Amino acid sequence: MDSESDLNPDTDDLPLCANTNHILVKHYVLDLTVCFERKVISGSIVLFLDPCSGSTEKDVREKTCSESSSASMDPEVESREGSVKKHDDMEKLSRSWELSNDGDFTLVLDCCDLAVSKVEEVDVSHVSDIGSEKAGVSSLTQNATLVQNILSMPSTRWRQQHQMFSLCSRAPGVQGDSSLRFHTNRWSLQVRKRHVSSSQDFPRVLRVFYETRPEGGSVRWTRDQDDRACVYTAGSPINNRALFPCQEPPVAMSTWQAIVRAPSDCVVLMSGEEAVKPTEDSDCLIWNYYVTMPMPASTFALAVGHWRQVTDENSPTLEKESGNRLHCGTGENFGAETSALSTLGNSTRGEVKVSTLQPGRGHQTSRSPPLSSHPSLEEKTSHCSAVVDDSIPCSHGDYPCRVAESSVRSQQVIPHRVFAPDSLLHKAQIGILSLLPKCLEAAFEVLGVHPFSRLDVLVVPAGFSSLGMASPHIVFLSQSVLNAGGSGSGEKAVALCGSRLCHEIAHSWFGLVIGARDWTEEWISEGFATYLEDVIWARAQQLSFEDAAEQSSLKALLRWRRLSDELQNSQEELQILRPNMERTGQVSDSGSSTVKHALNPDKSFMQVHYLKGYFLLRFLASQVGEQQFINFFRLFVQRYHGQLILSQDFLHMLLITFPDIERRGLTLSAIYADWLDRPGIPEWLYERSAVWSQTRLVEEVKAEVVKWILPSHRHQGKGRKRKQSEPKVKHKEVTSDQLVLLLEFLLEEARLSAAKMRALAQTYALQNQDAEVADRRRGFASKHGRVRLQEC
């Protein structure tokens, strides 16, 4: 893309400022302390950097978004209206920073709402005796050599690699003045070292001291349902840049490990494996997590609060002693240190003597020789020597890959835990813990090996902006998916919770282990998860083929009605699944870009990427056959796991796998034109919606509607004497989705009597239903204001 010199950060486009084409963060080590009194998370983050191979000796400092938006003030300063002096001082500081460039290379990190106090270069040579063996060699060269050796360690030695990262993160700053020049503006942190003009000569390890701000957009400081303090990451729209300085573009795939200090009565949940059980330190507990699969920084999640673990008992309680907690990690202590690690300073081939470590789940060290790629697919560079099956090798970078491990190919249900506040423990037991194994097993049957070795599910506080959010190893669920009454049985009591669990579990494959290379292509994550939630949930319920098809058609009709209404009341530019069209995936020379409409407030209320993406997949399934299409999903996962994709990667493989559909006229350009690059609704969807409207489950709802409206209509004539009581009608029990459709149909009626609405609420126990029903119930209250909300 062109230079970002005209970027206006006050518009609805979100800047991704990091210069990822010049240098990449390969690993983060976070050391954080949570302070509920001040509502801040403070500490440091250590970044292990790797200059990109294409970088020249003198990287040109083009006008990236970090520089062009330098006139944009920090939100905290902006909020102080009338503070002209502050505004002028910030502008002077920005100009001074630009004028002091002197040709030095600038590391640009995505950063927002963080108070950075210091950036220093870390002298990692202190973790070994490399200095004595390399007399006369500069500290910079020693550091670069050691870091490169750590980064190049094979996945069979990932434990030793993480130990090295941990040791290096605690090394002191470079002797003398280790502080580096840095500057922050609204969207970025920029770092320079004097007289360093290229990324190749830039320090390989940096330590940033900072703290978050209470108003930071990446974290939510709130109180749980028991009125106890908690904090969790918000996810979108700016993801994690207000939690730690990072490289947000998806191409910046990295691993991380974290130490988090929190009050001793709190639990810390995070993306990653739990390395060791939490240890006590004064009035705090210290928690350790790590990941071995490189992923975008935007997938990182953190939650700290007074939650309890749900158990299988009738009265769930948390096993309070940390030693008795259900432990799903590998149980290894990555704090173990040894002087033998110094051998890395000379060669990665040197064996490192460490304490005996037991292999973690799914991380085996033996791998088969690579096989050739599937003959019908384009050749791609393969750095992974493991083979998924007899024909498709891993094509991602080298990391301990569960998908390739034969030892976990039969692990249908991975270890899992559920956490909730005290007041919701029983609901979480009924609505989540009892369903989770079934959903995990069904997902395994549909998509294959679970990409992550364990899963935590947390019921987040009220006010959570969506029904759920998936991150590696952890899922946030809204309390809205739980049955409101806390009692009841059958399909209606768990339908929304079960389908939502399946949606978030599906994100492990589509959204996490396979991600979109361009954030504007949200449909790759959300459309796929929406489509797969129906498939997985039907499998979890063990529905017959006919029942699953009927349930799927009913769901499709509900989504069609939602999408149709949404597209009639939204801007056309927000209806496009691929808003950058042919420029999707393009970035500037430095790697910076913008996310179109990411900050548009109207977009946060839309589900077009969920719904239109879901219908595109239904359309494609209709062209190849539903079972064949589901089988193709599994094939696609095997081919692209661990990678970032664009729409054409999926569509191109589909057309190659099913050549008949292209011969029938369904081309890549036709799919772009009808589904991805235009607003509105494709013709196929209009045609199919008519079919969905005539299925058995929908016809049953229509029959129930007649029962509710005809008695009212019968007595609406003027002068006609109303009977003292309405005739009793026997209503058919409906499923949860049928109830939602029934309420939507009744909302379209001109008027229902107050008595009829009270009867409706009593018949279907509307007060005790889930969020989908509650949403329609509020619609009744809005339309028929004379009837109190609690009555209907």
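Our structure is the block above this text.
Sequence order as written defines residue numbering, which begins from 1 separately in each chain. It should be noted that, the model being predicted, local features are given only for residues of pLDDT at least 70 and side-chain atom pairs only at 80 or more, the latter also being counted only at that level, while totals for whole chains, interfaces and linings use all residues. As a rule here, side-chain values come from all non-hydrogen atoms in the structure, and water together with hydrogens is ignored.

The next point concerns the sheet that holds strand 4 (residues 106-110). Any two strands with at least two DSSP bridges between them are considered paired. Runs of H or I in DSSP of at least four residues are treated as helices and runs of E of at least two as strands, each being numbered from the N terminus. Strand order across the open sheet formed by 3 strands is 4-7-6, with antiparallel pairing between neighbours. Every other strand in the sheet has two partners, leaving strand 4 and strand 6 (181-184) as the edge strands with one partner each. Between one strand and the next, the sheet's axes are offset by a mean angle of 20 degrees, whatever the strand orientation. Relative to strand 7 (residues 188-192), strand 6 runs antiparallel, the two being bridged by 4 bridges. Residue pairing in the sheet places Phe182 in a bridge with Val191 of strand 7. Axis angles are defined between N-to-C directions and span 0 to 180 degrees, where every axis is a line fitted to C-alpha atoms and, for a helix, only to the segment in contact.

Time to look at the pattern of salt bridges. Note on definitions: salt bridges are taken to be side-chain nitrogens of Lys or Arg within 4 Å of carboxyl oxygens of Asp or Glu. In this structure the tally under the stated criterion is 34 salt bridges. Between Glu748 and Arg561 there is a salt bridge whose closest N-O contact spans 2.5 Å. Placement of the pair is Glu748 in the loop between helix 19 (736-747) and helix 20 (754-763) and Arg561 in helix 11 (residues 545-568), with a sequence separation of 187 residues. Each residue gets one of three labels from its accessible area relative to the maximum for its type: buried under 20%, exposed over 50%, partly exposed in between, using a 1.4 Å probe on protein chains only. Note on Arg561: relative accessible area 22%, which makes it partly exposed. One salt bridge in this structure joins Glu700 and Arg696, with 2.7 Å as the shortest N-O distance. Of this pair, Glu700 and Arg696 both sit in helix 18 (residues 696-714), 4 residues apart, roughly one helical turn. Here the salt bridges share partners, and the residues they tie into one network are Arg561, Glu744, Glu748, Glu772, Asp775, Arg776 and Arg778.

The geometry of an aromatic ring pair is captured by the separation of the ring centres together with the interplanar angle, meaning the angle of the planes. Centres within 6.5 Å are what make two rings of Phe, Tyr or Trp a pair, Trp counting through its six-membered ring; a difference in plane orientation under 30 degrees is then read as stacked, over 60 as edge-to-face, and the rest as tilted. Within the structure shown, the criterion is met by 35 aromatic pairs. Ring plane angle 85 degrees and centroid distance 5.6 Å describe the contact between Tyr531 and Phe629, whose orientation is recorded as edge-to-face. Linking Tyr531 in helix 10 (residues 523-540) with Phe629 in helix 13 (residues 626-640), this pair joins segments that are 98 residues apart in sequence. By the burial criterion, Tyr531 is buried, and Phe629 matches it. By definition, being over a ring means that NZ of Lys or CZ of Arg is both within 6 Å of the ring centre and within 35 degrees of the ring normal. The ring of Tyr672 carries the charged tip of Arg578 above its face, separated from the ring centre by 3.9 Å. Just above the ring of Tyr640 sits the side chain of Arg639; from NZ or CZ to the centre is 5.5 Å.

From the geometry alone we can't say anything about function, so treat these as descriptive.
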